[in-house]
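# Observations on the three-dimensional arrangement
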Amino acid sequence: MADRQLSFPEAVIFDMDGTLFQTETLLTVVHDRLFQQLREEGLYTKETPPVDALLSCLGMLLKDIWFRVIPEGTPEVHQRADELMLDLELEEIAASRGNLYPHVPETLKALKDRGIKLFVASNGLQDYVEAIVLHRTIDKLFDGLYTAGGRSTATKVELVKILLEEHGIKSAWMVGDRSSDVEAGKGNGLQVVGCGYAAFGKPGELEGSDAIITDFRELLDLLPEQKV
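Predicted, not measured: the structure shown is a model, and the values here were computed from it.

Thresholds, definitions, all that
Residues numbered from 1 in each chain as written. Predicted model: local features only at pLDDT ≥ 70, side-chain atom pairs only at ≥ 80, totals over all residues. Heavy atoms only, no water. Phe/Tyr/Trp six-rings, centres within 6.5 Å; stacked < 30°, edge-to-face > 60°. Buried < 20%, exposed > 50% of the residue type's maximum accessible area, 1.4 Å probe, protein only. Helix = DSSP H or I, 4+ residues; strand = E, 2+ residues; numbered from the N terminus. Pairing = 2+ DSSP bridges. Right-handed = clockwise from strand over helix to strand, strands pointing away.

How two aromatic rings sit relative to each other is set out by the distance from centre to centre and by the angle between their planes. Following the criterion strictly, the structure yields five aromatic pairs and no others. Seen in terms of ring centroids, Phe-35 and Tyr-44 are 5.0 Å apart; in terms of plane orientation they differ by 65 degrees. Their pairing is edge-to-face. For Phe-35, a relative accessible area of 1% corresponds to the buried category. Given the relative accessible area of 8%, Tyr-44 is considered buried.

So, on to the pairing of strand β6 (residues 172–176). Across the five residues of β6, five count as buried, placing the element largely inside the fold. Neither face of β6 is exposed, since Ala-172, Met-174 and Gly-176 on one face and Trp-173 and Val-175 on the opposite face are all buried. Taken together, the four bridges between strand β1 (residues 11–14) and β6 define a ladder with parallel strand orientation. The partner of Phe-14 across the bridge, within β6, is Val-175. Where β6 and strand β7 (residues 191–195) come together, four bridges link them in parallel fashion. Counterpart to Gly-176 in the pairing with β7 is Gly-194. Taken together, β6, helix α9 (residues 179–186) and β7 constitute a β-α-β crossover, and its handedness is right-handed.

In structure tokens, the structure reads:
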């Protein structure tokens, strides 16, 4: 249960993986298919690494993920893994694979009904984020979807800065499960809500957050009764 309230935000900016989307429900299948395809194409000869190696990289830029998961891979292998990852994710999302965390749609709607603008700021690819919100029918709730892939940003701090400037937003919450989300919020003078329900973070990952939630509905408990 959230034990405090924050100042009323003009907007709430959400990370995607580990915040809105329960990514392991998608990546477990995509991971196996990806490495099987790399083997079939002669680009990978070892056994499939554990899916936890990929899940632990969520929140990182895609170009950095493969240096961790396939450190011995050539740039060509990493490029092909990029392509396969997106293709397979979109295919599985369209086939209804992958779940939002419990209570995400109704909580987003409740925030929207309070007059709060909603955004996504993700280090993922634009097509991936767009597919999730579209196929999970929450696309109409968002005022904008910002991704490192779509904006070619090197950090989430930079991505969130662009979002705030383009929409003229002065006060917002940054909501996410990784240290990069805390940095993005604090680096732009925002209040930060850490998501403690995701399984990907390390101890201390959310240090510096203004509040930490263990259930998505607790976002509503952080709101004051009226704008201040």
